[in-house]
Structures are given as C-alpha cells and as structure tokens.
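# A look at the structure
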Protein chains: 2
Amino acid sequence: MQILFDRIRKDGVIKSGKVLKVDSFLNHQMDIELLNEIGKEFKQRFADTEITKILTVEASGIGIACIAAQYFHVPVVFAKKSQSVNIDGEVYSTQIESYTHKRTYDVIVSKKFLNPQDKVLLIDDFLANGCALLGLIEIVASAGAQIAGVGIVVEKGFQSGGEVIREMGLRLESLAIVDGMNEKTGEIFFRGE
Amino acid sequence: MQILFDRIRKDGVIKSGKVLKVDSFLNHQMDIELLNEIGKEFKQRFADTEITKILTVEASGIGIACIAAQYFHVPVVFAKKSQSVNIDGEVYSTQIESYTHKRTYDVIVSKKFLNPQDKVLLIDDFLANGCALLGLIEIVASAGAQIAGVGIVVEKGFQSGGEVIREMGLRLESLAIVDGMNEKTGEIFFRGE
C-alpha cells in the first residue's frame, strides 16, 4: 500500500531495538483520512470473504477497526485488558504478553458478543511476535467461531509473528511489511516494493 | 438524541449500584452505524466552534472519537493509560481514578500532539463523576491549549461530573443525560424528554 509506505517513511521514527514509532499518525495521534484509506484497502483485500464481525484488542486497534468496519457494515468488538467490574461474569479470556509494555495481561471478551456463527476479521495496528493476535485467535476458537482473516497495518517482517500466523493457514493481509530498518540512515525496507 | 434514548432503552441493562451497561452497542461491542449518527450529532452541536483536534482517553472513547472525527476533519489523539516504553520521554501526564475499575492509573499524552494553538474537543462515552474528563482537561491546560468543548454520549445526571464540568464554564454536550433508572421496572428517565 504505497501511501502507507510513503507515510511511514515520512513520519515513522526508527528507534534502537528495532522499534518503529508511528505514533504521530497511527497509534497515539490518528490521521483519520489515512485510517479511511486503510479501511478501504482491507475491504478490497477481503472483498470475497464473508465477515460478520471485526475483533480487535484495546487500545490502538480500536480506531482502525471502527473506521474499517464502515466498509464491512459489521459491528466491532474489542477485547478488554483486565477484568472490569462492569463486565458480566461470562467471558472468554486469555493472557497476552506485551512486547511494548514488557508485561503480561489478561484480555477478555464477553461471551454475548462472539458466537459459533461468527466469521471474524481480526484487525490490529502492529504484528511483531504475534502474541496479541494469538490471544485473539484463542478467544475466537473458544467461542467456536471462524476466523475469516487477519488484517494488520504494519507487520515487522523480521519478527516471527507473521510466519506463525501464515503457518496456521490463516489469511493474513499486512498492508506494510517492514523487512528491515537502518537506524543510522533512516531507511525502511518494505517487502514487495 | 431520540435514537440514542431508544437504543439505550432497548439494549441498555440496569445493574445494581446505578450501573448502566451499554456494552452491546457502545463500549465493548460497537454499532458503527449508531456511532456515525453520534458523530454527526456532535458535529451539528459544535458546528459553530473551531476545533483542531479531538482528544479522548483509552479505551472506550477511541472508536467514538475516530468516527466523529470524520465529520470534523481533524486528527484524534488518545491519552494512554500508563507509561509505554514506546512513548518518547516528553509527555503530559495526570492521574485518573476509575469508578469502573476501582483503581487509579496514570494517563499520558505525548507533548508532540498538543500545542498552544490547539482548540480541543474532548470526547468520551460516559460521564459519571468526571474523573477521566478532569484528567483530560488538566492535560490540555498543561499544553496551553484551549478546550473548545466536551462531547459525551451518556451522562449520568445523578452523579456530579456534569455539574462540575458546566460550573467550570465549559461547553458540555451530552447526547443522553440519564436522570434516573429503576432497576426493578427497567425504566430509564432522560433529561429533557
């Protein structure tokens, strides 16, 4: 997705430890026009796929999922971090290890919002080691629902998450796959470009 | 906003302790068509107001803020709970006490994304005691930016937050103000209806 490559090159910041910060337009401040282009692109890539629901995990996936959902005409459910007293007893839950936050947290989805008839599109901003996605996949499996596909904005191709997900036989569409970054020159290498 | 009143009556659930659950359409599963109506209504109510940015707090405000931002043509910034190693050093921060989660947490906004020229619309799903909003207001003040207004989907009129915000002289637009709920009969009373 060329406009995404261009934007990452323009406004992405490479940090030590192979960290790519895109917080000025994707996951802290959000450029809603760009999110709309991303939503349209997901719809185009999954145009032939039946989808009844979009599932993401808080927090940075929510905006992307909501904007994209307008093109799919389905509801969005977001998995919540840690138990809230406002959530009814019956939930699907799993543990996710956060690479960014260096900790493990519980995520939950109310059983009311996933059922065996659902064909679920998973959406998230980043795919690195895949822990968050594997958690969502486990939750969808617990509900007996089907995963229709996985839509990711930025995949770090040099980390294992993408390979793990593809080897599970899931259809993974990453709009930008970063295969390498040069911290000194600021160069970013995208797969297929 | 009549369609919101109707939807809360149809799908909202009254729980003991004056809890109103709207998680089937607003803050766990999200009905994107309804969110679009909410976004249009915010735009209509703030049509005469200059707004350069929408600020919300993770997690349940994000979807509403992003959908609404499409009508304002401005970026969304969401305040993040707790320090992430992926956020650069310079942040505005405050503490927010969560009524729902019965705990206090730090929220931060990168200084890059709020500046003294900004006219900020605060958006959130719920207003009860106002702690989350007061935190956002403090962050906007720290940045030397101006608060253009506050847009809330559901205000609990029997809790003090709305009064506190109005007494600060801020323009608060709550699309549904719940003045009372009857746990036994399921009745919900909206202000001005």
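One can find the structure itself at the top, above this paragraph.
Residues numbered from 1 in each chain as written. Chains lettered and ligands numbered in written order. Predicted model: local features only at pLDDT ≥ 70, side-chain atom pairs only at ≥ 80, totals over all residues. Heavy atoms only, no water.

## Notes on helix α1 (residues 2-11) of chain B
Residues and elements named next belong to chain B.
- Along α1, the positions that sit buried rather than exposed are L4, F5, R7 and I8. Here the buried residues of α1 occupy an arc of 165° about the axis, which is enough to place them on one side.
- On its buried face, α1 is in contact with β2 (19-21), α2 (32-45), β9 (146-156), β10 (172-181) and β11 (188-190). (Buried < 20%, exposed > 50% of the residue type's maximum accessible area, 1.4 Å probe, protein only. Helix = DSSP H or I, 4+ residues; strand = E, 2+ residues; numbered from the N terminus. Arc of directions from axis to C-beta. Contact = heavy atoms within 4.5 Å.)

## Focus: the packing of aromatic side chains
- For the structure on display, the rule yields two aromatic pairs over all chains.
- Ring centres of F5(A) and F190(A) lie 4.3 Å apart, and the angle between their planes is 10°; on these two criteria the pair is classed as stacked. With F5(A) in helix α1 (residues 2-11) and F190(A) in strand β11 (residues 188-190), the pair connects residues that are 185 residues apart, well separated along the chain. Of the two residues, F5(A) and F190(A), both sit in the buried class.
- Lying across the ring of F158(B), K18(B) places its NZ or CZ 4.7 Å from the centre. (Phe/Tyr/Trp six-rings, centres within 6.5 Å; stacked < 30°, edge-to-face > 60°. Lys NZ or Arg CZ within 6 Å of the ring centre and 35° of its normal.)

## A look at the nonpolar core
- One finds I38(A), F42(A), I8(B), I38(B) and F42(B) to be the most contacted residues of the largest nonpolar core, which totals 82 residues.
- Contact partners of I8(B), with chain neighbours within four places excluded, come to L20(B), V22(B), F25(B), V154(B), A176(B), I188(B) and F190(B). (Core = buried A, V, L, I, M, F, W, Y, C linked by side-chain atoms within 4.5 Å.)

## Section: helix α4 (residues 131-142) of chain A
Residue and element names in this part refer to chain A.
- The end-to-end C-alpha distance of α4, which contains twelve residues, comes to 17 Å, matching closely the 16 Å that a straight helix rising 1.5 Å per residue would cover.
- Burial in α4 covers these residues: L133, G135, L136, I137, I139 and V140.
- Positive phi shows up at G144, right after α4, with a value of about 70°. (Expected span 1.5 Å × (residues − 1).)

## Description of the pairing of β10(B)
Residues and elements named next belong to chain B.
- Most of β10 is tucked away: nine of the ten residues are buried.
- Alignment of β10 against β11, held across three bridges, turns out to be antiparallel. When the bridges of β11 are listed, G180 appears paired with F189.
- Here β10 folds back onto β11 in antiparallel fashion, the turn holding six residues, of which G186 has a positive phi close to 80°. (Pairing = 2+ DSSP bridges.)

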